[in-house]
Amino acid sequence: MTSRNDEDDNGFAEWGGYMAAKKAKLVEQYEQQASSSKKQSDILTGVAIYVNGYTSPSAEELKILMSAHGGVYHTYQMPKTTHIVASILPNAKVKQLGSVPIVKATWISDSIAAGALLDHRKYLLYTGHDDKQPKLDCVRPKTLTAADPGFLSEFYNNSRLHLISTLGAEYKQLVNQLREKSNGVYPGRERLRTLPRGLAPSERVVMHIDMDCFFVSVGLRSRPQLRGRPVAVTHGRGTPINRPQASVECENELVKKYFPNENFEDVDSHGSMAEVASCSYEARQCGVRNGMLLGNALKICSDLKTIPYDFEGYREVSTALYKTIAEYTLDIEAVSCDEMYVDVTPILAAANITVEDWATHIRKEVIAVTGCPCSAGFGANRLQARLANKRAKPAGQFYLRPDDVETYMAQVSLSDLPGVGSATVAKLTKMGLHKCGDLQTVSRGQIQAELGNKIGQTVADLANGIDHKPLNFHHERKSVSADVNYGIRFKDKTEASNFLQSLSAEVCARLKDVGMR
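Cut-offs used in this document
- Residues numbered from 1 in each chain as written.
- Predicted model: local features only at pLDDT ≥ 70, side-chain atom pairs only at ≥ 80, totals over all residues.
- Heavy atoms only, no water.
- Helix = DSSP H or I, 4+ residues; strand = E, 2+ residues; numbered from the N terminus.
- Buried < 20%, exposed > 50% of the residue type's maximum accessible area, 1.4 Å probe, protein only.
- Contact = heavy atoms within 4.5 Å.
- Areas by Shrake-Rupley, 256 points an atom, 1.4 Å probe, with all protein chains shown as cover.
- Disulfide = S-S within 2.5 Å.
- Phe/Tyr/Trp six-rings, centres within 6.5 Å; stacked < 30°, edge-to-face > 60°.
- Lys NZ or Arg CZ within 6 Å of the ring centre and 35° of its normal.
- Patch = residues over 30% accessible without salt bridge, like charges linked within 9 Å, V, L, I, M, F, W, Y side chains within 5 Å.
- Salt bridge = Lys/Arg side-chain N within 4 Å of Asp/Glu carboxyl O.
- Pairing = 2+ DSSP bridges.
- Axes fitted to C-alpha atoms, helices over the stretch in contact; angles between N-to-C directions.
- Core = buried A, V, L, I, M, F, W, Y, C linked by side-chain atoms within 4.5 Å.
- Domains from an automatic or database assignment.

- An unreviewed UniProt entry annotates the protein chain as DNA repair protein REV1 of Photinus pyralis.

Take a look at the structure:
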């Protein structure tokens, strides 16, 4: 039997080469930035740190400090890493990190303040020494704007939207690479031999697998004490702020004036303006929603616990998810860092197992490998699989059988159909149509007369569970871009020109990363 750790069988050796090249490139970029920045001392010479998780000072602050004082900052743990900086780590994670000393971030800041490299043993994370970390008094970087040289690095290192788009593109590229290098051997299928034999469906089966509350689930791996409680991932901590009341009232009036049809929340003069990126199901039961301002979320859920982003953790779990599925098949359409479509028809037929047995098996394996729950929906096409997953959540599975499609679709709201926008839904609502079942009773001619021939035909098909769009196993990247939607403040044309040059260099680097010109 092929070893599960033998990654050559399904092309993951190529992925390892890709990651090695990426790590080398990040080191090179750091060295270039360090050489161009002003050096203040050699206190940290010989020290190379890797920051794991949330710390204070933050990873970006530590990166700047290491550069200014002769040290080295590693984005990933590497053989030359001398110390790991962390605030809290579970025992399993500590074992994975090996014998490299794990220290608190204050070792760096205290050494700089003392003007000499202090004994790191006094700052070991697990020595019982738990003094509160003092504020950094030296070289604490200010909040950067687009006019500052290091702005792009700080922005992209702390942007969840950038992370999501970057990881989505990376895993689409990964699937392409794996398919090109595959020899057709899938070691995971050997493990299916232990499942009971059943009758595999004769029709095609598409799986939509999606991690549940992805950002929250990753953050709870190291915070098990928060499981079952309302939790939100956000940059903020809920600290009250003070904004002029007149300014807040003016802002709320302008929002209502220019966006009369949008249900935006009123801004609170004292509530945190940080955005809730992801929240647990317990928080959702209290009324908290993704995208809500943290200040407003705390009003309706006073017990809401906030946790910071864990960008490296998201990448780790995403890679484990794709790696797990790729051990069974490469008929994968990567959607994002935590979501994909998979044609599981060949798997079911080869192993002669039912959809339910496969779903239970793969979900347990994903949870065991990633430490995070997932849900899986199954149907004859991508539409049916996606809508089935809505019923499966959270942490469940559901197979929409061919005989049940018409009945199931009849209860689906038209607004839940993918690709059907608010303008189309508004037109259908005027016709007295709210659910797919309502639309199923109307002739296609009537729908096309209201929406147009093409859109009318598409909506009518979707309402009946018909989706002609095939799964895309061979993703072709058509564009590479870089954008910034924060901190754009220029005093003159020179600053604007310098920023555009930096942004152009970022696009160039991304083109090289994906092998495009």
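1. Digging into the overall build of the protein chain
Reasoning step 1: Across its full length, the protein chain carries 20 helices and 12 strands.
Reasoning step 2: Expressed as a percentage of its 517 residues, the buried residues of the protein chain come to 46%.
Reasoning step 3: Taking the intrachain contacts of the protein chain between residues at least 6 apart in sequence as the baseline, contacts between residues at least 24 apart amount to 70%.
Reasoning step 4: Summed over its atoms, the accessible surface of the protein chain is roughly 26,700 Å², and 51% of this surface lies on carbon and sulfur atoms.

2. Here we look at the state of the cysteines
When the sulfur atoms of two cysteines share a covalent bond, that bond is a disulfide.
Reasoning step 1: Going through the model one piece at a time under the given rule, you end up with 0 disulfides.
Reasoning step 2: Cysteine Cys301 shares no disulfide, and the gap to the nearest cysteine sulfur, in Cys286, comes to 3.7 Å.

3. Points about unusual backbone geometry
Reasoning step 1: Each neighbour pair has its own omega, and for Ser56 with Pro57 the value is 5°, a cis peptide bond.
Reasoning step 2: Tracing the chain through its elements places Pro57 in the loop between β1 (48-51) and α2 (59-68).
Reasoning step 3: Cis geometry marks the peptide bond from Lys393 to Pro394; its omega dihedral reads -5°.
Reasoning step 4: Along the chain, Pro394 turns up in the loop between α14 (382-392) and β12 (397-399).
Reasoning step 5: Phi at Cys213 is positive, roughly 45°, even though this residue is not glycine.
Reasoning step 6: Topologically, Cys213 is positioned in the loop between β5 (206-211) and α7 (214-220).

4. Some points on the packing of aromatic side chains
Reasoning step 1: With the rule as written, the count across this model stands at 9 aromatic pairs.
Reasoning step 2: A centroid spacing of 4.8 Å and a plane angle of 5° characterise the contact between Tyr171 and Tyr322, whose relative ring orientation is stacked. On the criterion of sequence distance, the pair formed by Tyr171 in helix α6 (residues 160-181) and Tyr322 in helix α11 (residues 311-326) is long-range, its members being 151 residues apart.
Reasoning step 3: The class of Tyr322 is buried, set by a relative accessible area of 2%.
Reasoning step 4: Ring geometry for Tyr309 versus Phe311: centroids 5.4 Å apart, planes at 5°, classification stacked.
Reasoning step 5: Accessibility expressed as a relative area gives 10% for Tyr309, which makes it buried.
Reasoning step 6: On the accessibility criterion, Phe311 (16% relative accessible area) is buried.
Reasoning step 7: Chaining the aromatic ring pairs together yields one cluster made of Phe214, Phe215, Tyr309, Phe311 and Tyr314.
Reasoning step 8: Here Arg284 stacks its cationic end above the ring of Tyr281, 4.9 Å away from the centre of that ring.
Reasoning step 9: Positioned over the ring face of Tyr341 is Arg382, at 4.8 Å from the centre of the ring.

5. Structural notes on a nonpolar patch on the surface
Reasoning step 1: Together, Leu254, Tyr258 and Phe259 make up an exposed nonpolar region whose accessible area comes to about 330 Å².
Reasoning step 2: Position of Tyr258 among the secondary structure elements: in helix α8 (residues 245-258).
Reasoning step 3: On the basis of relative accessibility, which here comes to 54%, the residue Tyr258 falls in the exposed class.

6. A word on the sheet that holds strand β2 (residues 72-74)
Reasoning step 1: Ordered by their spatial adjacency, 4 strands build an open sheet running β2-β1-β3-β4, and the pairing between neighbours is parallel. Of all the strands in the sheet, the pair left with one neighbour each is β2 and β4 (102-103).
Reasoning step 2: The sheet contact formed by β1 and strand β3 (residues 83-85) spans 3 bridges and is parallel. In the sheet register, Val51 faces β3, and the bridge partner there is Val85.
Reasoning step 3: Running over the sheet, α2 touches β1, β2 and β3 and is turned about 150° from β2.

7. Observations regarding the sheet that holds strand β10 (residues 339-343)
Reasoning step 1: Across the sheet, which stays open at both edges, the 5 strands sit in the order β9-β10-β5-β11-β12 with mixed pairing between neighbours. Every other strand in the sheet has two partners, leaving β9 (332-336) and β12 as the edge strands with one partner each. Ignoring which end each strand starts from, the neighbouring axes of this sheet average 15° apart.
Reasoning step 2: Looking at chain direction, β5 and β10 are connected through 5 bridges and run antiparallel. For Met207, the partnering residue across the bridge sits in β10 and is Val342.
Reasoning step 3: Across the sheet, α14 touches β5, β9, β10, β11 (374-379) and β12, and the angle it forms with β11 is around 140°.

8. Side note on the pattern of salt bridges
Reasoning step 1: The full count for this structure, using the stated rule, is 15 salt bridges.
Reasoning step 2: For Asp331, the salt bridge goes to Arg179, with nearest N and O atoms at 3.2 Å. Separated by 152 residues along the polypeptide, Asp331 in the loop between α11 and β9 and Arg179 in helix α6 bring together distant segments of the chain.
Reasoning step 3: In this structure, Arg191 and Glu327 form a salt bridge, with 2.7 Å as the shortest nitrogen-oxygen distance. Of the two residues, Arg191 is situated in the loop between α6 and β5 and Glu327 in the loop between α11 and β9; the sequence distance between them amounts to 136 residues.

9. Observations concerning the environment of Leu462
Reasoning step 1: You can see Leu462 is positioned in helix α19 (residues 453-463).
Reasoning step 2: By relative accessible area, Leu462 is classed as buried at 10%.
Reasoning step 3: Distance in space between the C-alpha atoms of Leu462 and Val420 is 9.3 Å, their sequence separation being 42 residues.
Reasoning step 4: Those residues within four positions of Leu462 in sequence are excluded, and the remaining contacts are Leu383, Met409, Leu417, Pro418 and Val420.

10. Focus on the nonpolar core
Reasoning step 1: One finds Met207, Ile325, Val344, Trp358 and Phe378 to be the most contacted residues of the largest nonpolar core, which totals 53 residues.
Reasoning step 2: When residues of this core are assigned to their parent elements, the largest contribution, 7 residues, is made by α11.
Reasoning step 3: Each of two domains, domain 2 (160-217 + 312-400) and domain 3 (223-307), supplies a minimum of three residues to this core.
Reasoning step 4: Those residues in contact with Met207 that lie beyond four places of it in its chain are Ile325, Met340, Tyr341, Val342, Val344, Trp358, Ile362, Ala376, Gly377, Phe378 and Ala385.
Reasoning step 5: Core analysis: the second largest hydrophobic core is formed by 25 residues, Leu383, Val412, Leu433 and Val459 among them.

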